[in-house]
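Tertiary structure, described
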Amino acid sequence: MAFNVLIVDDQNISRSLFESYVQSDPGYRLIKALDSARVADAYVLSTRIDLVIMDVVMSDGSNGLDAAEKIKKAKPDCKVIIVTSMPEVSYLARAREIGVDSFWYKETRQISFVDVLNRTMAGEHVYPSSTPLVRLGNCVSTELTDRELEILRYLTTGVSNQEIADMMNISVHTVKVHVAHLLEKTGFANRTRLAIEARITGLVISE
Amino acid sequence: MTKFIDLNWNIQTLILIWNLLLLLVSIYVLVRFSWIGTGKLLKVSQVVIIGSSFFLLMVLTDAVRFRFKGDILNYVPLRLTFEIPWIAAVLALAVISAGLSFTLFMLKIWGDKNPTPFTIKESLDSLSVGVCFHSFRKVKLINHAMESFLTVLTGHPQPDLYRLFMYVKNTYPDMIVPLDDGRVIMFSEKQLMTGKTPVYELTAQEITEEYAVSKELEAQNEKIRLMNERLQELNENITVLTTQSEILSAKAKLHNDLGALSLAARMYMEQDPKDPRRTRDELLSMWIQTYDILESQTSREKAADEFKVIFGAAEDIGFGIHLEGELPGDKTARKILSTAMHECMVNGIRHGCAKNLAVKVEGDWYSTKFTLTNDGKTPESDIRETGGLLHLKELVQDRGGLMETISRPAVTVSITLPIGSVPED
């Protein structure tokens, strides 16, 4: 019996690619391809869906991880593969937390999507060992601590040190120390430059 | 020194006690009072004057004691005065000093209570802040600093102050005036009431350094503000960048696939027709698929309308959404209503096997109301606002609205949003 698949990706080209993978294999049947994660859970609840291929960042503001969380809560048996090209460090951890079955980086050459698809439906959890390495100034992403990445995420929204401190429940002095460490490690002259570069690389994406 | 140990309570004893008191008072006056000026010479002269005054008083009162003793001629200081003239001179000096110190002391007290205009002017002139007291354009009192500022500003040390103040107020609303000589002055005026006639106090303070620092800070803050604006703009547009990045990635993959297809086509044409490894139909299917994908990239990507997405999904899954009223135009209200419709639809399907959702939109000049009711099973217990409903409630409350969830007879979510206080995003 073929597995019913729901594809959720806002990009025509990506969505078409996934559709072609699914349709070229008789073991899978495409139920629907959506361009928004907003209503993915409605399809899962009302139709027998065995697998959801879900992108993360959508142009309408909906978030694939949020939708995946709702789907896993409502239908834990429904498998979810998260696909993204963004190396945002928190996606991998959050996906594991939600219970997403597999995770695939679109840029990766280490494993093909078809491989991930088949192994997931066979009951495996296919996750990359780490997020893609991203160069940020003079350092790479693995050289930054979790706290520094969290502060970097807030920096990209343009908020002040006081606002960051309030949101993270830490002192302003601590925020300043972390920002100083970030600037030292990356070699950027100021926080604005750092924030712009971090955002462009996709290393941190604020909600 | 005169001997004075006599403990009988007579006049002599009283005089002795008086001398002791004088001694104590003189020490106190020396320590406590600072008279005119603070120079060391003045201090020394004050010590001499006070010391000699009290010494004379002690000698005189001691002489009286000897007089009562009836032995005035044996009083040493008196005898010495007649026998040694320079002691007489010292005593005379002591008398003069006493008189002088008393006069100065009284003058000081009087001076403190009655400052003269010259005193006030002198003290004002020593200030670096410009001060001027005027009444109806007449200058009552002006100090050197103010005259200097006004000369640089107007060319005249005492211009028409009313006109000057109006000019400054109109030209420099923050009352900060840059002078031609590079200095920056901050003016302020306040009204003082003295009797029936109002007197105005005009002050001018030089703030050149502080002004330069504040301008520098202003410029830096403006720079930071612009940077933050750009950063926020970048943040909002980053999804576009993400999109482009993903499209590029997919295109790269497609081009690789095209390369592989070309090779496969070549192999097909070179293969032995009796032992084909790939059929023509297989190849054609792969080519068509790849070109279909390439063609899809030419269609423009647009962010989907939130209601179109929900209505489309409902139609796909066979769920009925029945709308009564008009969809709101306000961006915030649209977001809230679309979220509410999604939550009610999904919860209705999940918990109550609902098939339909009635959405009523009403409004008047001060509020908009959304009422959403699904036809699912009546819940056994009251609905708790958690997860998606909680998020919806937070959205509503952030916008100053109210949300109510009713469990019976049918699950109904009611949202009221005030108009006017709902800010646009």
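The following refers to the structure shown. Since the structure is predicted, the reported quantities are computational estimates derived from the model, not experimental observations.

**A short note on the overall build of chain B**
Scanning chain B from terminus to terminus reveals 12 helices and 10 strands. Across chain B, contacts joining residues at least 24 apart in sequence account for 53% of those joining residues at least 6 apart. Of the accessible surface of chain B, which amounts to about 27800 Å², a share of 61% is contributed by carbon and sulfur atoms.

**Points about the environment of B:Arg225**
Looking at the element boundaries, B:Arg225 is found in helix H8 (residues 208–270). Reaching out from B:Arg225, the side chain makes a polar contact with the side chain of B:Glu222 at a distance of 2.7 Å.

**Here we look at the pattern of salt bridges**
All names here are of chain A. The tally for this structure, following the rule as stated, stands at 25 salt bridges over all chains. Across the salt bridge formed by Asp 101 and Lys 72, the nearest N and O atoms sit 2.8 Å from each other. With Asp 101 in the loop between helix H4 (89–98) and strand S5 (102–105) and Lys 72 in helix H3 (residues 64–74), the pair connects residues that are 29 residues apart, well separated along the chain. Each member of the pair, Asp 101 as well as Lys 72, carries the same accessibility label: buried.

**Notes on the sheet that holds S5(A)**
Whenever strands of a sheet pair, they do so through backbone hydrogen bonds, lying parallel or antiparallel. All names here are of chain A. In space, the five strands of this open sheet follow the order S2-S1-S3-S4-S5, with parallel pairing throughout. The sheet terminates laterally at strand S2 (28–34) and S5, the two strands that pair on one side only. Each adjacent strand pair in this sheet contributes to an overall mean axis angle of 20°, direction not counted. The pairing of strand S1 (residues 3–8) with strand S3 (residues 51–55) spans four bridges and is parallel. Bridge pairing links Leu 6 to Val 52 in S3.

**A look at the nonpolar core**
Ranked by size, the top nonpolar core spans 65 residues in total, and within it A:Val52, A:Met54 and B:Ile415 carry the most contacts. Formed by 26 residues, the second largest nonpolar core is a distinct cluster that contains A:Val134, A:Leu136, A:Ile151 and A:Val179.

**Here we look at unusual backbone geometry**
Excluding glycine, residues mostly have negative phi values, and the peptide bonds linking residues are mostly trans. Backbone torsion omega between B:Arg408 and B:Pro409 reads 0°, so that peptide bond is classified as cis. Here B:Pro409 shows up in the loop between strand S9 (402–406) and strand S10 (412–418). Positive phi outside glycine occurs at A:Asn169, with the angle close to 55°. As for its placement among the helices and strands, A:Asn169 is situated in the loop between helix H7 (161–168) and helix H8 (172–186). We note that B:Met175 has phi near 65°; this positive angle belongs to a residue other than glycine. Among the secondary structure elements, B:Met175 is positioned in the loop between helix H7 (161–171) and strand S3 (176–178).

**Some thoughts on the packing of H7(A) against H8(A)**
Residue and element names in this part refer to chain A. The contact between H7 and H8 brings their axes to 8 Å, and the two run at 110°. The orientation of H7 relative to H8 falls into the category roughly perpendicular. Once H7 is placed against H8, the crossing between them reads as right-handed. Packed against H7, whose contacting residues are Asn 161, Gln 162, Ile 164 and Ala 165, the element H8 presents Val 172, Val 175, Lys 176 and Val 179 at the interface. Looking at the contact of H7 with H8 residue by residue, the class counts come to five nonpolar, two polar and one charged.

Reading the values: rules and limits
Residue positions are given per chain, counted from 1 along the sequence in the order it is written. Chain labels run from A onward and ligand labels from 1 onward, assigned in the order the entries are written. For this predicted model, a pLDDT threshold of at least 70 governs which residues receive local features, and a threshold of 80 or more governs which side-chain atom pairs are given and counted, while totals over whole chains, interfaces and linings are taken from all residues. Here the side-chain values reflect all heavy atoms present in the structure, with hydrogen atoms and water set aside. Helix and strand definitions here come from DSSP, where helices need a minimum of 4 consecutive H or I residues and strands a minimum of 2 consecutive E residues; each element is numbered from the N-terminal end. The contact criterion used is simple: two residues touch if any of their non-hydrogen atoms lie within 4.5 Å. Areas reported as accessible are Shrake-Rupley estimates using a 1.4 Å probe. Residue values count occlusion only from the protein chains shown. The definition of a polar contact used here is a pair of N or O atoms within 3.5 Å, where within protein one atom must be able to donate a hydrogen and the other to accept one, and adjacent residues in sequence count solely through side-chain atom pairs. We define a salt bridge as a contact between a side-chain nitrogen of Lys or Arg and a carboxyl oxygen of Asp or Glu at a distance within 4 Å. To sort residues, take the accessible area from a 1.4 Å probe on protein chains only and compare it with the maximum for the residue type: under 20% means buried, over 50% means exposed, and anything in between is partly exposed. Only when DSSP finds a minimum of two bridges between them are two strands counted as paired. All axes here are fitted lines through C-alpha atoms, helices being fitted over the stretch that makes contact, and every angle between N-to-C directions spans 0 to 180 degrees. Definition used in this section: a nonpolar core is a set of buried Ala, Val, Leu, Ile, Met, Phe, Trp, Tyr and Cys residues joined via side-chain atoms within 4.5 Å. Orientation categories follow fixed angle ranges, with anything under 35 degrees roughly parallel, anything over 145 roughly antiparallel, 65 to 115 roughly perpendicular, and all other angles oblique. Note on convention: near helix rotated counterclockwise from far helix by under a right angle means a left-handed crossing. Clockwise means right-handed. Here the term charged refers only to Asp, Glu, Lys and Arg, the term nonpolar to Ala, Val, Leu, Ile, Met, Phe, Trp, Tyr, Cys and Pro, and the term polar to all other amino acids, Gly among them.

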